[in-house]
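Secondary and tertiary structure notes
Listed here are the chains, written in short residue letters.
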Amino acid sequence: MHVKSKKVFSAFDQIAKYIDLCDAFCLEIDASVSQDPEMHSRMLLPSGHTLRSLLKTKTYQRLSNIFSHLGGSHLLVQMNYVRPMNLISLMSSLIMKEDEEFILDTSLYQYAQSQNKRTFGIETREEHMAILDRMTIDLEVKQLRSIIQNFSSFKRTHARMMDHYIHGRIDKLYQNGKKSLGSWRKILLKDRNHKIWQRLAELSHSESVFCAIGAGHLSGNYGVLRLLKLGGAKVKPILLDFEH
């Protein structure tokens, strides 16, 4: 999961042992891309728009109250020019608790680099920007409004997701993720899962790779694990011991 919770980090040393066994390490997209100016611009609202201008006064006030409840009032002010999907990601992170400086993916990436592993993104910068371009601001605003309106349910769902994660219930994580994505499901899951599977299959012929992707990509009829199996790969789970 893309979170900073100490519950998730409690298995860090166990995970690191498997990174040590591999030749290379990859994320969904190379961590360095987050500093790319063009990628950064894709994360911002169109010129002339702000978060306040996209939400009714009462809706924005409810959002402000939510961030105050989560201990992130100062962050909401900083996010006024950022696309709603990034605000939703921040809300998720705050709900899951931000105990660490970086999300688990980034910390694993840094560990792999410290061990001189080849590091890269399984997807390219251009592919990620193309995905962002296909996602409309109107749909993002609609989803944000729905979350604000039903925040208690949104919060309960995240609590369940954390429980599913530490118990290895990737099927449940997939179901939660699929439901929340709505019309973005094909863009963010199905299409990307096929690319990830194809590239992992190609890489496996030349090197062993530790690939850290979101748990929601693993399960389902078009999940990465099923696609790997259909491609002839042997898939075996490794159980981790998380602190509950």
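Details of the structure are given in the entry above.
The notes below deal with the structure included here. All figures in this text were calculated on a predicted structure; none of them were measured in a lab.

1. Focus on the overall build of the protein
Scanning the protein for helices and strands turns up 14 helices and three strands. Taking 2.2 N^0.38 as the reference for a compact globule, 244 residues should give roughly 18 Å; the C-alpha atoms of the protein span a radius of gyration of 18 Å, in line with that estimate. Burial statistics for the protein: of 244 residues in total, 47% are counted as buried. Expressed as a percentage of contacts within the protein between residues at least 6 apart in sequence, the contacts between residues at least 24 apart total 83%. A total of about 13700 Å² of accessible surface is found on the protein, and carbon and sulfur atoms cover 52% of it. Across the protein, the 34 positively charged side chains and the 25 negatively charged ones have centroids separated by 11 Å.

2. So, the side chain of Asp36
Tracing the backbone through its elements, the reader meets Asp36 in the loop between strand S1 (24–29) and helix H3 (37–42). A relative accessible area of 18% places Asp36 in the buried class. In this structure the side chain of Asp36 is engaged in a polar contact, spanning 3.0 Å, whose partner is the side chain of Arg125.

3. Here's the deal with the packing of helix H12 (residues 170–181) against helix H13 (residues 185–203)
Viewed as axis vectors pointing N to C, H12 and H13 meet at an angle of 140°, and their least axial separation amounts to 9 Å. The angle between the axes of H12 and H13 places the two elements in the oblique class. Judged by residue contacts, Tyr174, Lys178 and Leu181 of H12 engage Arg185, Leu188 and Leu189 from H13. A class-by-class count of the residues in the contact of H12 with H13 yields four nonpolar, no polar and two charged.

4. Quick look at the environment of Arg83
Looking at where Arg83 falls in the secondary structure, it is placed in the loop between helix H6 (73–78) and helix H7 (84–96). Residues Arg83 and Pro46, spaced 37 residues apart in sequence, show a C-alpha to C-alpha distance of 8.6 Å. Leaving out residues up to four positions away in the same chain, Arg83 has contacts with Arg42, Met43, Leu44, Leu45, Leu132, Met135, Ile137 and Glu140.

5. Observations regarding the packing of aromatic side chains
If you walk through the whole model with that rule in mind, you get seven aromatic pairs. By the ring-pair criterion, three or more aromatic residues cluster together here, those being Phe9, Phe12 and Tyr111.

6. Brief notes about the pattern of salt bridges
A full pass over the atoms with the stated rule returns 13 salt bridges. A salt bridge links Glu38 to Arg42, with the nearest nitrogen and oxygen atoms 3.4 Å apart. Highlighted residues: Glu38 and Arg42, both in helix H3, separated by four residues, approximately one helical turn. Taking relative accessible area as the criterion, Glu38 reaches 36% and is therefore assigned partly exposed. In this structure, Arg192 engages Glu123 in a salt bridge whose closest nitrogen and oxygen atoms are separated by 2.8 Å.

7. Some remarks on the packing of H7 against helix H10 (residues 137–149)
Where H7 contacts H10, the axes come no closer than 8 Å and their chain directions differ by 30°. Judged by residue contacts, Pro84, Met85, Leu87, Ile88 and Met91 of H7 engage Glu140, Val141, Gln143, Leu144 and Ile147 from H10. Of the residues assigned to the contact of H7 with H10, the class counts are eight nonpolar, one polar and one charged.

Reading the values: rules and limits
- Residues numbered from 1 in each chain as written.
- Predicted model: local features only at pLDDT ≥ 70, side-chain atom pairs only at ≥ 80, totals over all residues.
- Heavy atoms only, no water.
- Helix = DSSP H or I, 4+ residues; strand = E, 2+ residues; numbered from the N terminus.
- Rg over C-alpha atoms; globule rule 2.2 N^0.38 Å.
- Buried < 20%, exposed > 50% of the residue type's maximum accessible area, 1.4 Å probe, protein only.
- Contact = heavy atoms within 4.5 Å.
- Areas by Shrake-Rupley, 256 points an atom, 1.4 Å probe, with all protein chains shown as cover.
- Lys, Arg positive; Asp, Glu negative; His and termini not counted.
- Charge placed at Lys NZ, Arg CZ, Asp CG, Glu CD.
- Polar contact = N/O pair within 3.5 Å; in protein donor to acceptor, adjacent residues only side chain to side chain.
- Axes fitted to C-alpha atoms, helices over the stretch in contact; angles between N-to-C directions.
- Parallel < 35°, antiparallel > 145°, perpendicular 65-115°, else oblique.
- Nonpolar A, V, L, I, M, F, W, Y, C, P; charged D, E, K, R; others polar.
- Phe/Tyr/Trp six-rings, centres within 6.5 Å; stacked < 30°, edge-to-face > 60°.
- Salt bridge = Lys/Arg side-chain N within 4 Å of Asp/Glu carboxyl O.

The analysis is restricted to geometry; functional conclusions fall outside its scope.
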